[in-house]
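As a plain string of letters, each chain reads:
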Amino acid sequence: MSGMLNSTIARKVAMALSAIFLLIFLLQHFIINFTSVISENTFNELSHFMGTNILIQFVMQPILIFAVVFHFVMGFILEIKNKKARNIKYASFKGSTNTTWVSRNMIYSGLVILAFLVLHFIDFWLPELNYKYIQFNPEDPTRYYHELVEKFHNPIRVGAYVVAFVLLALHLLHGFQSAFQSVGFNNKFTPALKTFGKYFAIIIPLGFIFIALFHHFNH
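An account of the accompanying structure is given in this report. Worth saying up front: this structure is predicted, and the values here are computed from it rather than measured.

### Describing the overall build of the protein chain
Within the protein chain, the regular secondary structure consists of nine helices and zero strands. N-terminal to C-terminal, the α/β element order of the protein chain is α-α-α-α-α-α-α-α-α. Here the protein chain holds 219 residues, and 37% of them are scored as buried. Sequence-distant contacts, at least 24 apart, represent 79% of the contacts inside the protein chain between residues at least 6 apart. Surface accessibility of the protein chain: about 13,200 Å² in total, with carbon and sulfur atoms responsible for 70%.

### Observations concerning the packing of helix 1 (residues 8-38) against helix 9 (residues 190-218)
Between helix 1 and helix 9, the least distance of the axes is 10 Å, while the angle of their chain directions is 35°. For the crossing formed where helix 1 meets helix 9, the hand is left-handed. Only F200, I204, G207, F208, F210, I211, F214 and H215 of helix 9 make contact with helix 1, whose side of the interface consists of L23, L26, L27, H29, F30, N33, F34, S36 and V37.

### What to know about the nonpolar core
Ranked by internal contacts, the top residues of the largest apolar core, which has 37 residues, are L26, Y161, F165, L172, F200 and F208. Taken together, the elements giving at least two residues each to this core come down to helix 1, helix 3 (54-89), helix 6 (106-134), helix 7 (143-151), helix 8 (155-182) and helix 9. Per-element tally for this core: the top contributor is helix 8, with nine residues. Among residues more than four places away in sequence, those in contact with F208 are L26, H29, F30, N33, Y161 and F165.

### Re the pattern of salt bridges
Here the structure, examined in full by the defined rule, presents three salt bridges. The salt bridge involving E147 is made with R143; its shortest N-O contact spans 3.0 Å. Placement of both E147 and R143 in helix 7 is noted, with a separation of four residues, approximately one turn of the helix.

### Here's the deal with a nonpolar patch on the surface
A surface patch of nonpolar side chains, amounting to about 790 Å² of accessible area, comprises I54, L55, F58, V59, M60, I63, Y133 and I134. Broken down by secondary-structure element, the contributors of at least two residues to the nonpolar patch are helix 3 and helix 6. Of the residues forming the nonpolar patch, the biggest block, six residues, is contributed by helix 3. Within the fold, I63 resides in helix 3.

### Some thoughts on the side chain of K151
You can see K151 is positioned in helix 7. In this structure K151 comes out as buried when scored by relative accessible area, which is 19%. Not counting the four nearest positions on each side in its chain, K151 is found in contact with D123, F124, P127 and R157.

### Quick word on the environment of Q181
Summarising the element assignment, Q181 is placed in helix 8. With 165 residues separating them in the primary sequence, Q181 and A16 have C-alpha atoms 8.5 Å apart.

Reading the values: the criteria
Think of each chain on its own: its residues are numbered from 1, step by step along the sequence as written. Residue-level local features of this predicted model are given only where pLDDT is at least 70; pairs of side-chain atoms are given and counted only at 80 or more, and the full residue set underlies all totals for whole chains, interfaces and linings. Hydrogens and water molecules were not included; the side-chain quantities draw on all heavy atoms of the structure. Strands here mean DSSP runs of E at least two residues long; helices mean DSSP runs of H or I at least four residues long; both are numbered from the N terminus. The rule is simple: take the accessible area with a 1.4 Å probe, protein chains only, and divide by the maximum for that residue type; under 20% is buried, over 50% is exposed, in between is partly exposed. Residues are treated as being in contact if the distance between any of their heavy atoms lies within 4.5 Å. Methods summary: accessible areas were calculated by the Shrake-Rupley approach with a probe of 1.4 Å, and residue burial reflects only the protein chains presented. Interaxial angles span 0 to 180 degrees and are taken between N-to-C directions of axes, which are lines fitted to C-alpha atoms, for helices over the stretch in contact. Note on convention: near helix rotated counterclockwise from far helix by under a right angle means a left-handed crossing. Clockwise means right-handed. Nonpolar core, defined: a set of buried Ala, Val, Leu, Ile, Met, Phe, Trp, Tyr and Cys residues in which side-chain atoms within 4.5 Å join the residues together. Salt bridge, as used here, is a side-chain nitrogen of Lys or Arg placed within 4 Å of a carboxyl oxygen of Asp or Glu. Two distance rules govern patches: like charges are joined within 9 Å, and nonpolar side chains (Val, Leu, Ile, Met, Phe, Trp, Tyr) within 5 Å, applied only to residues with over 30% relative accessible area and no salt bridge.

Geometric values such as these leave the question of function open.
Pasting the structure below:
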């Protein structure tokens, strides 16, 4: 495995596969969270299932954490190697002429998103572990909605949430198409991928922002 990942192409494919996995998780996470705007009971039911299902808790959740760490570590490695390659091959490289601002700053938007994910884990995941495995509280299928709403009372947290998802949108605008191209989607799919990727990159982050603002101003 380590030998395979020494290849630049293999690293890009591995990073792309982790990105696609994270995109699927992001969509699933958005669908569940969006139900909190429509129906408190539905959100509680879905959250209770996700929070108590053994497969999700002890198989999918560790895979998700690994995918997040792997994606960002691989991103840093590729960024370092790309910078070294540019310094060698493109002495007169003009970034603003040849690439977009988003693609040139993927590492920085990624760092902010990573910081947000760490805070998100601290904010939601650690209290969940504390509730179930430290305090050993009895299961309460109705608690999830009120816990979510409580998180969005603080305007500073909501502001950080909005900024993080704006940067996620910028990150996805470049990363979505790049991920699928890295795993072999050829040029005839590029226009469709660009269009779908733009909609995904804008609609999903805006949806998360809407959820945060909705609960902040309505509770």
